[in-house]
Amino acid sequence: MAGSILRSLLAPWWAAQLLTGAKSFLDNPLIGSDRLNRRGLHAGRVRLAYALAERRRRRMASALDPADRAAFERDGFVVKRDFLPADVFAALREQLLGWAGPAREMVQGDTITRRYAADPEMFRAVPAMRRFARDPRWQALARYVASFDVEPLLYAQSILSHRRASAPDPQTALHADTFHPTMKAWLFLEDIGPGDGPLTYVAGSHRLTDERIAWEQRRSVAVRREGDFLSARGSFRIERAELPSLGLPPPTAFAVPANTLVVADTFGFHARAMSARPTTRIELFAYSRRNPFLPFAGLDPWSLPGIAERRVPLLWLTHDIYRRWIGQPWAKAGRKKPGEE
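Let me sum up the structure you'll find in this document. (Residues numbered from 1 in each chain as written. Predicted model: local features only at pLDDT ≥ 70, side-chain atom pairs only at ≥ 80, totals over all residues. Heavy atoms only, no water.)

**Comments concerning the sheet that holds strand β11 (residues 331–336)**
Spatial strand order, β1-β8-β5-β10-β4-β3-β2-β11: eight strands in an open sheet with antiparallel pairing. If you trace the sheet from one side to the other, it starts and ends with β1 (77–80) and β11, each paired once. Taken over all neighbouring pairs, the strand axes of this sheet differ in orientation by 25° on average, direction set aside. Sheet analysis places strand β4 (residues 153–160) next to strand β10 (residues 280–288), joined by eight bridges and oriented antiparallel. (Pairing = 2+ DSSP bridges. Helix = DSSP H or I, 4+ residues; strand = E, 2+ residues; numbered from the N terminus. Axes fitted to C-alpha atoms, helices over the stretch in contact; angles between N-to-C directions.)

This is the structure:
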């Protein structure tokens, strides 16, 4: 009886989440409903979110270099080598690697991901970071790929692979982050070799083809029964052997020199390649994800100057306060340099 009453009380909340970025097939019984998904609920959300993203991008296309726009439409990512002027990049690398700041860490499998918020403290200590953050080429790319005219969340990030005796890092499995277009970006501070766990991406997998929507439909019905926790949480995994049936090529590995920027739509399939040995990858990392069903691109108060650079600390603080209910995967790790163990 109590369970039935609770479900009735929560039903409006679960229904409202259908028009947000909520993606978990485990946490929301409507999103995870086999009956509704057989009738096209998940596929319908995917189609609508994709159409709205395409419409928002068209409104922002004029700010983007036509060559970058063509590369993105073809591949789902844009690669910019020697992105920063050499002197600016050298200053950024020297300042960041010599700085120790408040770090947060998340452990997944055998890998530690460490992040530092690009907040006022970092901008004071690493002034070259502000040069990157304000670069108009970066701003245009990030906003177009995200399909929202909002300030991306920006971090310094270290990825320390093979640091624990555990299962492999789950981020090494090909996956889409969520059911709608969204942006992630990496500016690599060091050369990335083929054995250093480079980012990989399946070119063209950001497009919503007939084959992709059919795959999404099948996955939405089966995902809760497969025992794949991250897929059931809404980040669908895909096997390399499945790619040809979707008309997709093998993944591209970004074994690239330092000062290379990669901006990608992570609705496309991507992964961190397995590293051949313990490695430390240091980079600037950014992402942008907003409610995919918003019809407008801007109007984001969190992007205002004085607020935008404080969002990450506020986000972490919120998760600390409400850890019991919403969790906090990013644990405090003290003050560390990005390259430290």
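Moving on from the coordinates now.
**What about the side chain of Gln-157?**
Counting through the fold element by element, Gln-157 comes out in strand β4. For Gln-157, a relative accessible area of 3% puts it in the buried group. Side-chain polar atoms of Gln-157 contact the side chain of Glu-283, separated by 2.6 Å. Leave out the neighbours within four places in its chain, and Gln-157 touches Thr-113, Arg-114, Arg-115, Trp-186, Arg-281, Ile-282, Glu-283 and Phe-285. (Buried < 20%, exposed > 50% of the residue type's maximum accessible area, 1.4 Å probe, protein only. Polar contact = N/O pair within 3.5 Å; in protein donor to acceptor, adjacent residues only side chain to side chain. Contact = heavy atoms within 4.5 Å.)

**Quick look at the sheet that holds strand β6 (residues 199–201)**
With antiparallel pairing, the three strands of this open sheet are ordered in space as β7-β6-β9. Two strands bound the open sheet, and with one partner strand each, they are β7 (252–253) and β9 (270–272). Here β6 pairs with β9 via three bridges, running antiparallel. In the sheet register, Thr-200 faces β9, and the bridge partner there is Ala-271.

These values are about where atoms sit, not about what they do.
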